[in-house]
Amino acid sequence: MKFSPSQLYQRYGRDYYIRKEIGGKRYNRSTHHDTLKGAREWATQFVRAVKAGEYALVDATRGRQEFARLGAVLPIYRDITAGLVTTLTRETNVNSLRLVIRRGLGRPEMTADQVDTLSTTTLTGRLVRDYQVAALTAAGDDRAQIETAKRTMQSYLRQARSIFTRFCRDCYHDQGLALPASIDEFMTQQTARPARTIHAPVDPILLAAVLAAAPALRAISPVAWLVLQLASLAGLRRGEIARMEWSWVGTTSSTIPASASKSIRDRTIGLHPYLASALAVARAAADADPLYVLRSPQVGRGGPGAKLRAATIFRRLDAWLRGQGWTARHTLHEFRALYGRRMREEHGLGVAQSALGHADERTTQDHYTGTMDAADKYISERRERAAADARINQKP
């Protein structure tokens, strides 16, 4: 029995799937094989079983099963998405699903274990509507707070729904789990959308003035100054900076592992001599942390607690920026955006996407647009000038 490429295809570089219409009914199932030979053998047996009426009997048996509980679904979700999304993203999606359920049911006191004992029949269109009412009611009458609540609600829902995409539901079915039809309502129920906003870059004159004043910050707090350099010259996220280890840093490049980032895979970033020298000085300092780039007096190491460990440093930097006249909502991320715009202008969209660690090119295209402005040119000139600055070799 032969199968065309449209009938037997591979998803996400993993198992082959069969898509075939038999007896007027369409079947879309995983073959549980990642080789074409094994997939063809499985598909042949599958088609024969369907034609003989054996698979219809299996489906009828499954239809009488109790609908799966969330506690049975989540371990499979973690397994099938390994290698597709980071561990951090998977756990964020799981926690978002639990949050939507708690708020939708009006039971915020429920623990994670209690939520996991619920049946998947809990996931309905009504749950989404009740969650929306709870989220908007908590925002009060303030228009700005309502818009913020809408954005937050959309984010949590998007993350929660990622656990029940068509691909994931096919995998749950393959594992023998029965899911209710109400999940379709959970996935498609519309909610209030926030007003469309366009990212407006910070005033380039203000940005250039802040960067010109950076040497003064280095005298006050060398570690906060280093954070500013990592964001503006390497485009690192706040969480990546907090988790950054010396083992990631080479002489000319730095590799950010996917396990410590939102990115799907490890990414390597070239280090400008100015930043490489600054990191070398920080590492050689007498009070340097032996493991982490950021030294901090707070208790805790890496992992989920890394941001908390470095919170004092970030607050110090944010306070300094506000003191320089910074009024934008975001602080550190604006310098990452500056790095992204510069990379796109100098090397193109593809290189910028890779350097920033975006899974979707549209993210880079939509939010890191624009041409080199005054601040960009200032940074380029400063990098060339500072690379030869003898003071960089002095300990802070």
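The coordinates are above.
Predicted model, so just to flag it, every value in this text is computed and none were measured. (Residues numbered from 1 in each chain as written. Predicted model: local features only at pLDDT ≥ 70, side-chain atom pairs only at ≥ 80, totals over all residues. Heavy atoms only, no water.)

Draft legend 1. Inspection of the pattern of salt bridges at higher detail. Applying the stated criterion across every chain, the model contains 10 salt bridges. Taking the shortest distance from any N to any O, the salt bridge between E91 and R78 comes out at 2.8 Å. With E91 in helix α4 (residues 87-105) and R78 in helix α3 (residues 70-80), this pair connects stretches of sequence that are 13 residues apart. Residue R143 pairs with E147 through a salt bridge whose shortest N-O separation is 3.5 Å. Separated by four residues within a single helix, R143 and E147 lie in helix α7 (residues 143-161), roughly one turn from each other. Its relative accessible area of 55% is what places R143 among the exposed residues. In this structure, a network of salt bridges that share partners links the residues R143, E147 and K150. (Salt bridge = Lys/Arg side-chain N within 4 Å of Asp/Glu carboxyl O. Helix = DSSP H or I, 4+ residues; strand = E, 2+ residues; numbered from the N terminus. Buried < 20%, exposed > 50% of the residue type's maximum accessible area, 1.4 Å probe, protein only.)

Draft legend 2. How the structure looks around the packing of helix α12 (residues 222-234) against helix α14 (residues 273-284). The geometry of α12 relative to α14 is characterised by a closest axis approach of 10 Å and an angle of 150 degrees between their N-to-C directions. Classified by the interaxial angle, the pair formed by α12 and α14 is roughly antiparallel. For the element pair α12 and α14, the recorded crossing hand is left-handed. Two secondary-structure elements touch here, α12 through W225, L226, Q229, L230, L233 and A234 and α14 through Y274, L275, A278, L279 and A282. Split into classes, the residues belonging to the contact of α12 with α14 amount to 10 nonpolar, one polar and no charged. (Axes fitted to C-alpha atoms, helices over the stretch in contact; angles between N-to-C directions. Parallel < 35°, antiparallel > 145°, perpendicular 65-115°, else oblique. Left-handed = near helix turned anticlockwise from the far one by under 90°. Contact = heavy atoms within 4.5 Å. Nonpolar A, V, L, I, M, F, W, Y, C, P; charged D, E, K, R; others polar.)

Draft legend 3. Layout of the sheet that holds strand β3 (residues 25-30). As summarised here, the arrangement of the three strands in space is β1-β2-β3, forming an open sheet in which the pairing is antiparallel. Across the chains shown, the open sheet's two edge strands, defined by having one partner strand only, are β1 (8-10) and β3. Within this sheet the neighbouring strands show an average axis-to-axis angle of 20 degrees, counted without direction. Strand direction decides the pairing type here: strand β2 (residues 16-22) and β3, joined by six bridges, are antiparallel. Paired with Y17 across the two strands is S30, which belongs to β3. Here helix α1 (residues 36-51) sits on the sheet in contact with β1, β2 and β3, set at roughly 30 degrees to β2. (Pairing = 2+ DSSP bridges.)

Draft legend 4. Expanded view of the packing of aromatic side chains. One pass over the structure, following the stated rule, counts three aromatic pairs. When the ring of W225 is compared with that of Y274, the centres are 6.3 Å apart and the planes differ by 80 degrees; the resulting orientation is edge-to-face. Separated by 49 residues along the polypeptide, W225 in helix α12 and Y274 in helix α14 bring together distant segments of the chain. Of the two residues, W225 and Y274, both sit in the buried class. Relative to F335, the ring of W326 has its centre 5.2 Å away and its plane inclined at 20 degrees; by these criteria the two rings are stacked. Each member of the pair, W326 together with F335, is buried. (Phe/Tyr/Trp six-rings, centres within 6.5 Å; stacked < 30°, edge-to-face > 60°.)

Draft legend 5. Seen up close, α1. Here α1 is 16 residues long and its end C-alpha atoms lie 22 Å apart, about the 22 Å a rise of 1.5 Å per residue gives. Every buried residue of α1 is listed here: G38, A39, A43, T44, F46, V47, A49 and V50. (Expected span 1.5 Å × (residues − 1).)

Draft legend 6. Inspection of the side chain of R90 at higher detail. Inspection of the secondary structure puts R90 in helix α4. In this structure R90 is buried but unpaired, with E91 as the nearest side chain of opposite charge at 5.1 Å. A distance of 3.2 Å separates a polar atom in the side chain of R90 from a polar atom in the side chain of T87. Apart from residues lying up to four places away in sequence, R90 is in contact with Y77, R78, T81, A82, G83 and V85. (Lys, Arg positive; Asp, Glu negative; His and termini not counted. Polar contact = N/O pair within 3.5 Å; in protein donor to acceptor, adjacent residues only side chain to side chain.)

Draft legend 7. Representation of helix α6 (residues 125-139) in the model. Between its terminal C-alpha atoms α6 stretches 22 Å, which fits the 21 Å expected from 15 residues at 1.5 Å a residue. Those residues of α6 lying buried are G125, L127, V128, Y131, Q132, A135 and A139. What you see down the axis of α6 is that its buried residues fit within an arc of 155 degrees, all on one side. In α6, the exposed residues that point more than 90 degrees away from the buried face are R126, V133 and T137. If you follow the buried residues of α6, they end up packed against α4, α7 and α9 (182-188). (Arc of directions from axis to C-beta.)

Draft legend 8. Structural context of the nonpolar core. Core analysis: the largest hydrophobic core is formed by 51 residues, its most contacted members being I241, L279, L317 and F335. Counting only elements with at least two residues in this core, the list comes to α10 (204-212), α11 (214-220), α12, α13 (238-243), α14, α16 (311-323), α17 (332-347) and α18 (349-356). For L279, the residues in contact, after removing those within four places along its chain, are L226, L230, W246, V249, L271 and V293. If you look at the next biggest cluster of nonpolar residues, it comprises 35 residues, including V100, I101, V115 and L118. (Core = buried A, V, L, I, M, F, W, Y, C linked by side-chain atoms within 4.5 Å.)

Keep in mind these values describe shape, not function.
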